[in-house]
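# Per-entry structural report
Residue-level listing of the chains:
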Amino acid sequence: MSVTARIASGFKANLVAKVVEVGVNGLLILLLTRVFLTSEEYGLLYLAISIISIAIFFSQFGLAKSAARYVTEYRKTDPSKVPLIVRRSLLFNLVAIVIVSGVFVAFRQSIAAWVGEPELLTLLVLGVGFIVARTLRSYAYFLCQGFNRVSWSAGLSIVSNLGHLTFVVGFLALGYGVPGAILGYTIGYGLGAVVGLLVLYRWLAHIPTDRLADESDDDPKTTEIDRNDSSETGLTRRLLEYSLPLSITGASSIMFKRVDIVLVGTFLTPVAVAYYTLAKQLTEFVAAPASSLGFALAPTFGESKSTDDLDRAARIYETTFEHTLLFYIPAATGIVLVADPAIRHVFGADYLGAIPIVQVLALFVVLESINKLTNGALDFLGRARHRAMSKGSAATINVGLNIALIPTIGPVGAAISTVISYAIMATVNLYLIHSELSLSVRRLVGTAFKTCTVAVGMALVVVLLLPYVSSIVSLVALVAVGVVAWLMLAVGSGMLDLRWAVSQLS
């Protein structure tokens, strides 16, 4: 299978998984906000999940992504080392899970008291199972990527999300409320973890443990340093060393995705958490395709570096960057324009406070798409340490801005903080990928300018029809007209080859 075909196959599989994820989460949001929970209960649920997710960072500690990177490397050069990498990384992950779960249970009362929500106490106890299930599901998910079986990663995501829909709705329908929702999410992740670990076991069982080991030892070109790095001790050391910058990156992700929600809950109310969470979820849905594309592409960059073919990697990145901007700049424009009628008609008057937050976070959608495309590439190119520094610095700025802005201007301040810090991080990451691949800056800037003209043309059409939106049906019709206008402008400007795009997705 060619590189392009492999990337397209992985992208399609992950895109399907993201479509399922977006569909399931969208349906859950509608059911939670309109049927099962009040706005205060909805905010309390995601405040609890945000706190639990902070604990999950410590249980993951970058080990799965580090193992995936070395599985990708040794799968090509010395497959006999792959089982060792998987066994050691899984052992370290299990130890981390036990320690983090124990600490989390011990400090649950202090956490609930600090946030000022005593109702969190029961939810945090249930959070231990959430920690175990999600950590192991994430481990299997990233190891499948390391084996370049991204379709299996997509499969695990689908299993988990269908489990979420089944069990969250089931427990809520039985009257278990917010604790039932937490338990439903836990079971969904648990199903994905079980399937993923079984698949990894089967793959490892078919790897000949003595393959290439003797060849490596007898090769006169193999230096003493190479032998030491390939020994059990050397591999373990490298695995742990590379997990450190990845763990810093993970901590930064938590500071971006969860700490802001916790701070909104600390400074304001669960209702404000509901507004901010809903706005953030809606914009993250739009960024889902970029996440799929970046995930599918990442191993290709690692393989290109191992074969010293960085020119190919540069051309792949430039092409995907162009198509990413072509989709996301107009999408962000559309979000700003339809945020008001979308929130008003879909979620109701109880969530009108989310409208300005969605409009501010529209710019986040563009920045997040760039980061999703670039992050995995940097990790597999061996630049995880530099990316960790970039993300860590931006995340620190984000927390500082949140503390300054949330008490003064409310949840909109958290949105502004997110956009500013993501802009800093995207700029640094683009510099890092350019220093690694020597990208054509002129080409990328030209693409951004032409895409903005397409977005302006689409916006004019949407603005003219916006006064006629009076229901969900007319809202959907307006969005459809906007998509058609974008498609016509993108194809007419020569930026999108429709036949090529259809052939890649078919």
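Definitions and limits used
- Residues numbered from 1 in each chain as written.
- Predicted model: local features only at pLDDT ≥ 70, side-chain atom pairs only at ≥ 80, totals over all residues.
- Heavy atoms only, no water.
- Core = buried A, V, L, I, M, F, W, Y, C linked by side-chain atoms within 4.5 Å.
- Buried < 20%, exposed > 50% of the residue type's maximum accessible area, 1.4 Å probe, protein only.
- Contact = heavy atoms within 4.5 Å.
- Patch = residues over 30% accessible without salt bridge, like charges linked within 9 Å, V, L, I, M, F, W, Y side chains within 5 Å.
- Areas by Shrake-Rupley, 256 points an atom, 1.4 Å probe, with all protein chains shown as cover.
- Salt bridge = Lys/Arg side-chain N within 4 Å of Asp/Glu carboxyl O.
- Helix = DSSP H or I, 4+ residues; strand = E, 2+ residues; numbered from the N terminus.
- Phe/Tyr/Trp six-rings, centres within 6.5 Å; stacked < 30°, edge-to-face > 60°.
- Lys NZ or Arg CZ within 6 Å of the ring centre and 35° of its normal.
- Axes fitted to C-alpha atoms, helices over the stretch in contact; angles between N-to-C directions.
- Parallel < 35°, antiparallel > 145°, perpendicular 65-115°, else oblique.
- Left-handed = near helix turned anticlockwise from the far one by under 90°.
- Nonpolar A, V, L, I, M, F, W, Y, C, P; charged D, E, K, R; others polar.
- Expected span 1.5 Å × (residues − 1).

Before going further, it helps to examine the nonpolar core. In this structure, Leu 45, Leu 120 and Leu 437 are the most contacted members of the largest nonpolar core, which totals 91 residues. When sequence neighbours within four positions are dropped, the list of residues in contact with Leu 120 reads Leu 44, Leu 47, Ala 48, Ile 51, Ala 112 and Val 115. Formed by 25 residues, the second largest nonpolar core is a distinct cluster that contains Ile 85, Val 86, Tyr 141 and Cys 144.

A grouping of Leu 91, Val 95, Ile 99, Val 103 and Phe 107 is seen on the molecular surface, where their side chains present a nonpolar patch of about 460 Å² in accessible area. You can see Phe 107 is positioned in the loop between helix H4 (82-106) and helix H5 (108-115).

With that out of the way, let us pick up the packing of aromatic side chains. Taken as a whole and judged by the stated rule, the model has 12 aromatic pairs. Ring centres of Trp 152 and Trp 203 lie 6.2 Å apart, and the angle between their planes is 85 degrees; this geometry places the pair in the edge-to-face category. Taken together, the positions of Trp 152 in helix H7 (residues 150-173) and Trp 203 in helix H8 (residues 177-205) put the pair 51 residues apart, joining distant regions of the chain. Exposure remark for Trp 203: the relative accessible area of 13% places this residue in the buried category. Three or more aromatic residues link up through ring pairs in this structure, and these residues are Tyr 42, Tyr 46 and Tyr 351. Above the ring of Tyr 141, the side-chain terminus of Arg 137 is found at 5.4 Å from the ring centroid.

When two helices pack together, their arrangement is given by the angle between the helix axes and by the axis-to-axis distance. For the pair helix H12 (residues 270-286) and helix H14 (residues 310-347), the least separation of the axes is 11 Å and the interaxial angle reads 140 degrees. Judged by the angle between their axes, H12 and H14 are oblique. H12 and H14 meet at a crossing whose hand is right-handed. Residues Leu 278, Leu 282 and Val 286 of H12 lie in contact with H14, whose contacting residues are Phe 327, Tyr 328, Ala 331, Ile 335, Ile 343 and Phe 347. Of the residues in the contact of H12 with H14, the class split is nine nonpolar, no polar and no charged.

The end-to-end C-alpha distance of H7 is 34 Å, a good match for the 34 Å that 24 residues give at a rise of 1.5 Å each. Those residues of H7 that fall on the buried side of the exposure criterion are Val 150, Ser 153, Ala 154, Leu 156, Ser 157, Ser 160, Asn 161, Gly 163, His 164, Val 168, Phe 171 and Leu 172. Phi turns positive one or two residues past the end of H7, at Gly 175, with a value near 90 degrees.

The analysis is restricted to geometry; functional conclusions fall outside its scope.
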